[in-house]
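Structure at a glance
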Amino acid sequence: MRAFSLLILAWMSLLVVLPVIRCKEQRELSEGNLLVVTVATKETDGFRRFMRSARHFNYTIKVLGRGEPWKGGDYMTEPGGGQKVRLLKAGLQEMEEDKVVLFIDSYDVVFASGPKELLKKFQQTRHKVVFSAETLIWPDRHLEDKHPHFREGKRFLGSGGFIGYVPNLKEMVADWTGEDSDSDQLFFTKIYINPEKRKSINITLDNRCRMFHNLHGSLDEVVLKFEDGQVRARNVLYDTLPVVIHGNGPTKLQINYLSNYIPTVWTFETGCSVCLEDLRPLSGLKESEYPLVVIGIFIQQPTPFVSVFFETLLKLEYPKNRLKLFIYNQEQHHEVAVSSFLKDHGKEYQDVKVIGPEENMDRVASRNLGLDMCRQDKDCEYFFSMDIEVVLKNKDTLKILIEQNEPIIAPMITREGRLWTNFWGALSADGYYARSEDYVDIVQGRRVGVWNVPYLTKVYLVKASLLHEELSNNDLFSSGTLDLDMAFCHNARNKGVFMYVTNMHTFGRMLSTENYQMSHLHNDLWQIFENPKDWEERYIHENYTKIMRDKLIETPCPDVYWFPLFSDIGCDHIVQEMENFGQWSGGRNTDTRIQGGYENVPTIDIHMTQINYEKEWQKLLLDYIAPITETMYPGYYTKAQFDLAFVVRYKPDEQPFLRPHHDASTFTINIALNQKVLDYQAFEDVLYCIRVITLHLSNLDKNRCIIWFVLRRKCFPHSYCFSTVHNVLFAHSYVPMMKAFSVLLCSMTLSLRQVDVSLCIECEACVNLLAGYTFPDFISVCFPIEGWGMQVHTV
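All of these numbers come straight from a predicted model, not from anything done at the bench.

**A short note on the overall build of the protein chain**
Along its length, the protein chain carries 20 helices and 40 strands. Classification of the 795 residues of the protein chain by burial places 55% in the buried group. A fraction of 77% describes how many contacts in the protein chain between residues 6 or more apart in sequence connect residues 24 or more apart.

Okay, here's the thing in structure tokens:
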């Protein structure tokens, strides 16, 4: 009994002593004991990312092989990496025996947590050397059966990351005598599957990914975990939080995606924490000190609003004497716009090189030639590539991109109203588009920052230093299966060059080139469906959006509203389009263009249907006229259906005026298309007007629209009212010396003994008739004898 008691006491003493020993061992492994060792023969974008994450957690880093040529092969696709073992073997000889060494790759690795957590997890394994584990065996599949089995977790060794005590690591690499191009993973695998060596060195695998996570073969195991201002990669299979994330093998895109967040690059609490680091500020520089940029402009297909592109280019806030232009134009249709721009502004730039359609250069060659223009210029610091369908609204775009100081960076631009952008967040297995989990949030601005992405197109900035080093190949845009932008991005990725897109500012948008027809003089007029925002900016008056807010709608008389609608360019293009079409009606009552073939009040005009513009015109009515009518008449809604919409031309020798008449319609709009005094004078020039329903126009300024409501309208006997006004019309029209205007019928809705009348306040007989009745002052509604007008009959 006494012996039994002593035995129990001895066991209790042992149980007390063992935790003390373990605690002592744990205390000895302080963060100062840890040294991170990596091999990096050159500073790549991946290495700089690795170092940034290491600095964030205060890791102590020792870099081996700096400045040496890499001879370890391309072990992403074939065995290699022996150079790393040679460098580690030599480096271990200089390290203290009590150190714990973490040996990892650096180009495709980020830290998700700090040294304290790593050392704690290492000690909990109770082994001297711990390798990362993989789902797939590499490089010799015949060794699969020789790997030890685990009750749970991954079986195969990964050489991209391991941690151990210096003496044990020395023992492990002591037998290395291989070549730099030999496989490091095969070397370590053979040690691990040898039971005697595995036991002697005390090696195990981190089979549940508590310290290391190798992405190859286990992408579906990883999700991002946002918590307390930090981002971790969570292994959902084992419910662990790895400290080191390794994009081994063909998972470089996935590590790039994860590193957009890990460890605190972007969080919900702080947003982007690194976007303002390592900038290249331009503020304070003299114009002569700005970096020299070659801008490559590529016109590869028929594109709307080309002239607007060059107007935008002129507005870039960047010294033009520090810009060179390379313009490639494959479309004869756009030669006029290019030539006009160069004639007016070409001398403002330091140099201009143009490749026109007559040179018959293919697209790939043009892109390579553009890069060569920068590559061969010793002063060139950046190449800024822009496709013609890019609409940059931010005048500071170029400066913003340069200041961001990234190797390749693009401003995020979108296609209006769609999720279509100039970048891809991910790639499919065959190298084409795939949507990343954060793509929609980035496009819609819920996540703002600078994002590492696999594909850019349309507009991007390239550092010239890349063109002399990683991207020195003169043929970066050709590929047997990929289009030119995909080929360029593929070549950049293969060289380890990171590409970024920024959505920290609003930059602009992309035009749609679908369904762009070139059968008209001004084809952009037909873009109201494909590119409505650009159409509006080009053709709608700049004050249109202010007419309700700033009360820009004038009311010359009840139910008549006068406001700006078209821009000057819009008016000019409509006039020129009609004159180019040229098939004006004869102004006779017989008119085969309308139902019934008879026009009661004929004009010299061209119908919208004749130039295939009726659908576009109805959309204009719905988008820009209907909101006005519905605002001025609450409860009234219109589908903007019209029977007739046409442009009218007035000339002294054709049709000097339009006789008074009524239209069977809900409202009438008329739009003046040229400017009195400036564009025409009576009996000499031509006046143009868009007429919607009927012409009741006044002394309108160019681009002014007048809406004429004839709701509930009733008239005095036709013979009386019209005959009176008709006399006044002729009297005013043919007064000698009357040079500018002809008074026409003004339809007003006046309450007169519950009877609505339409008459002209200029008419003395009508004024006498209304004596004793109160009605608003009326601005004389006159119309120039010569000119253009547009009319639409709207129901």
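**Quick notes on the pattern of salt bridges**
Counting across every chain of the model gives 35 salt bridges. Between arginine 549 and aspartate 550 there is a salt bridge whose closest N-O contact spans 3.1 Å. Here arginine 549 falls in the exposed class, since its relative accessible area comes to 60%. Connected via shared salt-bridge partners are Lys393, Arg509, Asp534 and Glu537.

**As for unusual backbone geometry**
Omega for the peptide link from tryptophan 138 to proline 139 comes to 5 degrees, which places this bond in the cis form. The residue proline 139 is located in the loop between β5 (129-134) and β6 (156-165) in this model. Of note, the amide linkage connecting isoleucine 262 to proline 263 takes the cis form, showing an omega dihedral of -5 degrees. Residue position: proline 263 is located in the loop between α8 (252-258) and β12 (266-267). In this structure, cysteine 209 takes a positive phi of about 60 degrees despite not being glycine.

**Here we look at the confidence of the model for the protein chain**
Overall, the prediction assigns the protein chain a mean pLDDT of 84, with 82% of residues at 70 or greater. Of the regions scoring below 50 in pLDDT, residues 1-25 engages in 3 contacts with residues more than four places distant in sequence or in other chains. The low-confidence segment residues 710-787 (pLDDT under 50) makes 185 contacts with residues lying over four places distant or belonging to another chain.

**Thoughts on helix α5 (residues 166-173)**
The element α5 is largely enclosed, with a buried count of 6 among its 8 residues. Those residues of α5 not exposed but buried are Val166, Asn168, Leu169, Lys170, Met172 and Val173.

**Observations regarding the packing of helix α3 (residues 82-92) against α5**
For any two helices packed against each other, the geometry is given by the interaxial angle and the distance between the axes. Contact geometry for α3 and α5: axes closest at 10 Å, N-to-C directions at 135 degrees. Classified by the angle between their axes, α3 and α5 sit oblique to one another. The chirality of how α3 crosses α5 is left-handed. Here α3 contributes Val85, Leu88, Lys89 and Leu92 to the contact with α5, which in turn contributes Val166, Leu169, Lys170 and Val173. Taken together, the residues of the contact of α3 with α5 break down into 6 nonpolar, no polar and 2 charged.

**With respect to the sheet that holds β6**
What the 6 strands build is an open sheet, ordered β2-β1-β3-β6-β5-β7; its pairing is mixed. A strand with exactly one partner marks an edge of an open sheet, and here the two such strands are β2 (61-64) and β7 (203-206). Taking each pair of neighbouring strands and ignoring which way they run, the sheet shows an average axis angle of 30 degrees. Looking at chain direction, strand β3 (residues 100-104) and β6 are connected through 5 bridges and run antiparallel. Across the sheet, leucine 102 pairs through a bridge with isoleucine 163, a residue of β6. Docked against the sheet, α3 engages β1 (34-39), β2, β3 and β6, running at close to 160 degrees with respect to β3.

Conventions we followed
Residues numbered from 1 in each chain as written. Predicted model: local features only at pLDDT ≥ 70, side-chain atom pairs only at ≥ 80, totals over all residues. Heavy atoms only, no water. Helix = DSSP H or I, 4+ residues; strand = E, 2+ residues; numbered from the N terminus. Buried < 20%, exposed > 50% of the residue type's maximum accessible area, 1.4 Å probe, protein only. Contact = heavy atoms within 4.5 Å. Salt bridge = Lys/Arg side-chain N within 4 Å of Asp/Glu carboxyl O. pLDDT = per-residue confidence, 0-100. Axes fitted to C-alpha atoms, helices over the stretch in contact; angles between N-to-C directions. Parallel < 35°, antiparallel > 145°, perpendicular 65-115°, else oblique. Left-handed = near helix turned anticlockwise from the far one by under 90°. Nonpolar A, V, L, I, M, F, W, Y, C, P; charged D, E, K, R; others polar. Pairing = 2+ DSSP bridges.

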